Every structure is written in structure tokens, then in C-alpha cells.
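Residue strings, one per chain:
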Amino acid sequence: FAQRLPRLRRRILRAAFVALDTEFTGLLSTSLQNNKPSLFDSPAERYAKARQSVQRFTLVQLGLAIFTKENSNKYVVHSYNFFLFPSTLGVRDVEFTLSASSIQFLSHYGFDYNKFLKDGIPYMNEVQEKILKQHLLAGTWKVCSTSNADRDVLKKAIDEVTSWIAAAKEEDTMILQDLKGCHILEVQLVLRQALENVWTEPLEDKKVMVKKVSPEHRQLLENSSYDHCQKKLILLSARGFTNLFQILVKAKKPLVGHNMFMDLMHLHDKFYRPLPESYEEFKRNIHNLFPVIIDTKTVTKYVQKKCLFPRASGLLEAYAVLCSSNVNPKGPPCPVIALASGCSRYAEEKFPHEAGYDAFLCGSVLLMSAHLLLCRSTDDAVETDPSFSQYLAVLAEHVNKVNFIRGGVSSINFSGEDAPSRHPPALVVHVRGWPGLTETQIYEEFKAHCRFDVRRLSKNQFILLSNNYKHVRLVLRDYRHHPHLQVSVYRHWRHSPSVNCLLQISGIVALWSLLAFALGGARSC
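All values derive from a computational prediction rather than experimental measurement.

Each value, and the rule that gives it
- Residues numbered from 1 in each chain as written.
- Predicted model: local features only at pLDDT ≥ 70, side-chain atom pairs only at ≥ 80, totals over all residues.
- Heavy atoms only, no water.
- Axes fitted to C-alpha atoms, helices over the stretch in contact; angles between N-to-C directions.
- Helix = DSSP H or I, 4+ residues; strand = E, 2+ residues; numbered from the N terminus.
- Parallel < 35°, antiparallel > 145°, perpendicular 65-115°, else oblique.
- Contact = heavy atoms within 4.5 Å.
- Polar contact = N/O pair within 3.5 Å; in protein donor to acceptor, adjacent residues only side chain to side chain.
- Buried < 20%, exposed > 50% of the residue type's maximum accessible area, 1.4 Å probe, protein only.
- Left-handed = near helix turned anticlockwise from the far one by under 90°.
- Nonpolar A, V, L, I, M, F, W, Y, C, P; charged D, E, K, R; others polar.
- Pairing = 2+ DSSP bridges.

1. Thoughts on the packing of helix H11 (residues 261–272) against helix H12 (residues 279–289)
Point 1. Interaxial distance between H11 and H12 falls to 11 Å at its minimum, and their mutual angle equals 80°. Looking at the two axes, H11 sits roughly perpendicular to H12. Seen from H11, the contacting residues are Phe261, Leu264, Met265, His268 and Tyr272; seen from H12, they are Phe282, Asn285, Ile286 and Leu289.

2. Considerations on the environment of Thr298
Point 1. Secondary-structure assignment places Thr298 in helix H13 (residues 296–307).
Point 2. The contact partners of Thr298, leaving out residues within four places of it in the chain, are His398, Lys401, Val402 and Asn403.
Point 3. At 3.2 Å, the side chain of Thr298 and the backbone oxygen of Lys401 are in polar contact.

3. A closer look at unusual backbone geometry
Point 1. For Asn400, which is not glycine, the phi dihedral falls at a positive 70°.
Point 2. Note on placement: Asn400 falls in the loop between helix H17 (388–394) and strand S10 (401–403).
Point 3. By relative accessible area, which is 4% here, Asn400 ends up buried.
Point 4. Here the phi dihedral of Arg406 falls at roughly 45°; this positive angle occurs in a residue that is not glycine.
Point 5. Note that Arg406 resides in the loop between S10 and strand S11 (411–413).

4. Here's the deal with the packing of helix H5 (residues 126–138) against helix H9 (residues 231–239)
Point 1. Their axes nearest at 11 Å, the elements H5 and H9 cross at an angle of 150°. On the basis of the axis angle, H5 is roughly antiparallel to H9. Judged by the twist between their axes, the crossing of H5 over H9 is right-handed. From H5, Glu129, Leu132, Lys133, Leu136 and Leu137 reach across to H9, where they touch Lys231, Ile234, Leu235, Ala238 and Arg239.
Point 2. Here the residues of the contact of H5 with H9 are counted per class, giving six nonpolar, no polar and four charged.

5. Brief notes about the sheet that holds strand S5 (residues 198–203)
Point 1. Strand order in the open sheet formed by three strands is S4-S6-S5, with antiparallel pairing between adjacent strands. Edge strands, defined here as strands with exactly one partner in the open sheet, are strand S4 (173–176) and S5. Mean inter-strand twist for the sheet, computed between neighbouring axes without regard to direction, equals 25°.
Point 2. In the sheet, S4 pairs with strand S6 (residues 207–212) via four bridges, with the strands oriented antiparallel. Directly across from Thr173, in S6, lies its bridge partner Lys211.

Here it is in C-alpha cells:
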């Protein structure tokens, strides 16, 4: 990863845009109370729920697809999969939770958990980095290697070196082999700390070279710029993938994803700073990091309505529909999307829920959707080689609007106010002759007919919310003559407990005023 970082940086700086996808150890924690998403959720309420889950789970893989426009109407894609694992170099061990269903889901799609656990690239956020810097300067760093396997690896390496060095001459060398990523640095640091007459250098293929040197020679080597164990290089190694995240932030390229609310929360929490309590602060931070965000879920929902093409529930379906020849029969062809040589397998086979593949799909769906909208937006002929800025212009109303799944708004606007969602009217259920009903029982009652979210309004009343107009009409029809459940459209002035309370108080005040007026008039007579 460290060796390829300069090349990644050059490709990102040349890119038209970058598409991203992530995979996690879990989505929503079931161990937290009232954490289930609901149509009643405001964006701030949903953020608070999701924040708790993001803090418990971690990233296992991040996919990055770098789309570079060539001279002709062609985009070349370099797509990458980064297996990630929290940095173990520090003073506090990182803990995270696994969701059984998420692990099973990724396993079904062939996810390599050994690669995640053994070879995952480290990362840390700014707070963790600051703590590590302080301990590096104070010399109180440590590696969080607590397993017996880690201790055995270190002991074996130290035993080999101490046995060898007794008979070795100055400038003699030996090679330690089969060391995984975190051990390569740790073995060097431990050996240098214990023995003043050794020098170490990392080699390729998980090896470390150990050399016997004089203390004077070692001091010269420590002061050289080639020392791989310098504090700044230790920090660079521990920062790992965060180095690439910072390149993305500085490049300010448009960032594309699909249903990317949770992706953005994990990016903030794992590579930038722990998620703030304030939803508005989170929005400001993300907008400062990535000023141009495009969610292909938001875009495809609009394209389906505007261009009347078949409904696609997932990313792969949307890609297949947009690739079909009958979606855009008129106008110039879509831009050619060519995978670079190292990513050609994505052109030959489908790899759903592999982060690099999904990132490639995201970027492709964006280009095809934008091209379709550009062709439909004007009666004039569209030039055969539209620029990416023209695509951005036609997508302007969707920029920085991230899809919000089942909630009080349709999308989160990272550069302005969130617009309220257009839901079907809420229903109110009045219970008669069926005491002690709970929200769960009401949910179970209506579940057979349709999907509603339920919230108690008063002792004998419940509100139902759905995002499907047909379901609302069915329930109003089927429960018209129900003996115990009276269902009607919710009217705030009629059903709200606070409004009813206010009306009752106003009625009492009016009655007393009238009575006082009547009594006062009687005395004057």
C-alpha cells in the first residue's frame, strides 16, 4: 500500500471524479434500545441512532474507483479494493462489534475475512493520531499485540537474533522471514530497543534484515533519512489508509456513492474525527471535507420518474437497466467506460458487494444517468463528447443530496436545509373495547395488510405512517367497519393531544369568562 500511494495520488489528481463504496462488520446494532429506523425519524434522530451503530462497528473493505476522462468520449477506470483493519500501534486497543447477519451476508458473496484480519491496512482518525504522536515523542509507545500468536512471533524473532549475534561479526546480516505487517515494525522496534549493536531494515515479501553494527555506526544510521523506524515514518505507517483519505480530501474531487449516508458517517468516524453529537456539525464537517457529493440512489430515483424507465431497486439492477440499448435510443451514445488492465475481471464477471466492483458500478451509473438527463434536457443536439462539467450541471439539483431511507425527509442536503419528505397522509387508529394494546400489537395487526410504522398518540390512539399510498387506501377501506379499530386520516387540529389540551383549557377559560361576565351583569342589575 505504501509503495502504491504515490501512484494513487497521481491518479486521483488527474481524475474527473472518484466513486466509493464500503463494507462494514454491521449496519444497525440490535442491542441498542429504540435504534430501529422509522418513518417518524427526523434526520437528527436518525443520525443519533446511526451514530451509535457506527461507533460499534468497523469498516472491513473500502472500494475506490478512479474515473479519468481521456481525450475522446471515454473514461478509464482504475478500481481498487482496500482491506482495512484498525491500527494496533498506539496506547489503546480498538474494540469493534460483529453482526452475525452482516458477516454471513458478506461470506455469501465470497468476502475474504482472513485478508481483512491478517493483512488489513491500518488507519486512525485525528484524535488517535494525536495521542500516538504524544507517546512517540515521549517514548511511551507500544503495539497492541496481546495474542499468544503475536507474542510467539516476537519471541521467536528475538531468540533467533540473540543466538545469532553472539557469534556474528560486524557487518554480518541475517534475515527474519514470514512476518506480517504489524510484526515487521514491532520486531524492529523491540530489537533496536534491546540491542545497541544491531540495525534493521524491512525487505519485500514480509522479511526484515538484521545487521550487526558498532554503536557509533548505528548512531549514524539512526540520523539518516533512510531509517524506516524514524518517528515520522512510524506515524506514516500507523496512519495507513488515512494517508489516502487525506489525499482525497485535499484533491476535492466529486465523490460518488450509492445510499452513502452510512459510508460518510464511517469516513468521518474512522479517518477524520469521532462523530460529533450534533447532526448539523456532522453535515458541516462532511461538506468541508467533500464539497461535491453525488448519491446515485438519489439520481436514479429522479431518472426513473423523468425518463420512465423500469424501476431498479439496487445498484446492479440500475446499472443493467442503464446499459440496455432501449433506454436512450436517440442522441449520441453514452461515454465509453473502459476498465484499466488490472481491473478487467469486472468487465467479464459480476462481483456484487465487493467494494471495488460496487464503486465501479456507482461511477458508471452516474455517467450513464447524467448522459441520459443531458440528452433529455434540451431539444438541441448534444455534442458527441460532453465534458464532465456539463454532466455536473445537469445533475446540479442532486449534488450534495444523499438518500435518506424511510424517514422524515427524502434526502439529506449537505449544503443546505433538508427538504421534508412527501409521504402519504398519516392514519390515526382509535381503539375501542380492546384495552392494553401496545405498539407492537398494532404493528402485528396491520403487518398482514401492509407495512406501517407505529407510534402511540394517547392511551387509546396510535399513529400509522407508510410510504405507500396504496397501503393507506387499503387500510382505510378494509377497516371501515372493524368492531374495535376505527381508522381515519390524521388531522393535527383534531387528533393532536397538545391541540386538544389547548382547546380544553381555552374552553374552560372561555366558560369562566362568560360566567364572570354573567355574574357581574347580575350584580349591576
